[in-house]
Amino acid sequence: MSQIPISVTVDGLTYDDEVEPRTLLVHWLRESIGRVGTVVGCDTSSCGACTVLMDGQSVKSCSVLAVQANGHTVTTIQGLAEGEDNWHPVQAAFKECHGLQCGYCTPGMVLASIDLLQNNPDPSEQEIREGLEGNLCRCTGYHNIVKSVQYAANTMAGKDQPAELTGGAR
Amino acid sequence: MIPIAFDYVRPTTIPEAVAALVASGEDGKILAGGQSLMPVLRLRMAAPSVVIDCSEIADLQGVRDDGNSIVIGAGTTHHDVMNSPIVKEHSPLLAMATATVADPAIRHRGTLGGALAHADPAGDLPAVALALDGVLSVTGPNGSRDIAAADFFTDYFTTSMAEDEILVSVTLPKLGAGWGYHYEKFQRTAQGWAIVGVAAAVHRSNGNITAARIGLTNMAPSPVRASSVETALSGADATVKAVGDAAASAADGTRATSDLHAAADYREHLARVITKRAVLTAGGI
């Protein structure tokens with residue numbers, strides 16, 4: 001089967017490769033360039049575990065062909081932190097608020113949350129839940145995920161964190 | 001799963017896309033945003049010999065004001081449709097219904113034209129195009145033609161487009177002053193398909209409803225107008241009772257099916273209840 005040349009910028013690095021047209025973006029990210037932080041959770045476009053940013057917008061990388069990423073910029077969970085200790089505010093918020101249990105949905109949750117906050121920097125709880133409707137947590141740990149997004153919104157806006165987001169029983 | 005192998009072309013103009021579709025014979029498949037096609041490919045429920053990716057054709061993109069109507073390029077994403085100031089001002093019913101389609105990541109890729117051409121009976125947007133008397137412009141090797149939404153959707157996942165035609169744009173008459181609107185969707189989960197949906201536009205003058213346009217999602221193999229409700233509402237009092245009486249005929253003439261989500265008679269019940277809610281909200285009653 002024919003191979004098609006692609007050039008894609010992923011997490012700040014440009015990769016030139018050749019792919020079969022049927023190769024999904026998520027498979028290319030994981031198997032060809034080692035971005036295994038992007039995971040596959042379903043086969044139905046439902047779960048959002050494979051969410052990445054393409055040209056800054058969230059997409060489900062199981063529902064985009066690798067050839068379609070040609071000439072575009074992709075950000076994965078592995079491209080957010082600037083060094084070991086300098087996490088993206090959304091990553092830091094998920095750690096602070098314990099916005100994960102098994103962690104499998106977390107890469108997609110973090111990237112979907114970044115997309116949500118760039119469209120709506122000060123979302124209500126309802127807007128957070130609706131904004132993350134395309135990402136499923138099989139541990140059903142949504143409560144702390146919502147808090148994580150609220151915490152991140154406060155951090156990014158330079159606001160103090162309210163008491164219910166810091167310490168105590170959550 | 002991994003899709004079955006296929007060839008891939010990415011035209012940058014509409015004539016190139018039509019030429020690729022003609023050259024592919026019966027086995028070519030248009031990819032617009034891919035949010036319905038990719039799952040089907042992954043599950044190997046489709047095996048096209050060539051996928052014609054139309055997502056980077058500039059002439060299929062964007063929304064423009066055309067006087068008494070607005071024209072939306074078939075390749076405009078749901079995200080861009082629902083955030084377009086032109087759509088929000090002149091066709092707010094479309095913006096509202098589009099915001100209920102799937103989830104944000106899918107709305108970043110999925111397109112209005114793709115959703116209409118796919119003609120899923122549970123899709124939200126065909127009922128909106130039908131309710132608003134939309135006109136769909138298609139182009140093939142023999143030129144372009146316009147198809148009224150009422151003539152476009154013919155059966156399950158089937159339209160009146162020929163095999164070698166592609167959908168280019170959708171024209172929607174502007175909703176002017178006095179019109180209210182609402183899309184009411186009954187679904188099992190937040191990102192789920194509509195079990196039943198109702199797209200309603202209602203025109204009021206003084207204490208009366210002067211006109212209503214109502215499209216039903218998932219009440220037949222293709223979207224249908226609730227014509228008897230529209231007739232009953234024309235000139236009706238703008239009261240809860242009058243709307244309820246009119247909505248009682250919402251399931252008349254529909255062909256609801258039974259599936260694992262709902263039985264046909266339950267869908268008929270939902271159509272009546274949701275039509276009432278949609279009209280009340282659209283009419284500000």
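Asks: Help me out: how do you make sense of the interface of chain B and chain A in this one?
Replies: Many structure descriptions define interface size as the accessible area lost when the parts assemble. Across the contact, 26 residues belong to chain B and 25 residues belong to chain A. Elements with a contribution of two residues or more to the side of chain B that touches chain A: β1 (7-9), α2 (37-42), β3 (50-53) and α6 (104-109) of chain B. It is α6 of chain B that provides the largest number of residues to the side of chain B that touches chain A, a total of five residues. Among the residues forming the side of chain B that touches chain A, the class breakdown is 16 nonpolar, five polar and five charged.

Asks: When you look at the domain arrangement of chain B in this model, what are you seeing that I'm missing?
Replies: Residues and elements named next belong to chain B. Assigned domains within chain B: domain 1 (7-53), domain 2 (58-173) and domain 3 (179-282). Relative to domain 2, the C-alpha centre of domain 1 lies at a distance of 18 Å. Tallying the contact residues gives 13 residues for domain 1 and 20 residues for domain 2. Broken down by class, the residue content of the side of domain 1 that touches domain 2 amounts to seven nonpolar, five polar and one charged.

Asks: For this particular structure, what's the right way to read the domain arrangement of chain A?
Replies: All names here are of chain A. Looking at chain A, the domain boundaries give domain 1 (4-79) and domain 2 (89-163). The straight-line distance from the C-alpha centre of domain 1 to that of domain 2 is 22 Å. Of the residues lining the interface, 15 residues belong to domain 1; the matching set on domain 2 comes to twelve residues. Residue assignment for the side of domain 1 that touches domain 2 shows that the elements contributing at least two residues are β3 (51-54) and β4 (57-60). If one sorts the elements of the side of domain 1 that touches domain 2 by residue count, β3 sits on top with three residues. Within the side of domain 1 that touches domain 2, the residues separate by chemical class into seven nonpolar, eight polar and no charged.

Reading the values: the criteria
Residues numbered from 1 in each chain as written. Chains lettered and ligands numbered in written order. Predicted model: local features only at pLDDT ≥ 70, side-chain atom pairs only at ≥ 80, totals over all residues. Contact = placed C-beta atoms within 7 Å. Helix = DSSP H or I, 4+ residues; strand = E, 2+ residues; numbered from the N terminus. Nonpolar A, V, L, I, M, F, W, Y, C, P; charged D, E, K, R; others polar. Domains from an automatic or database assignment.

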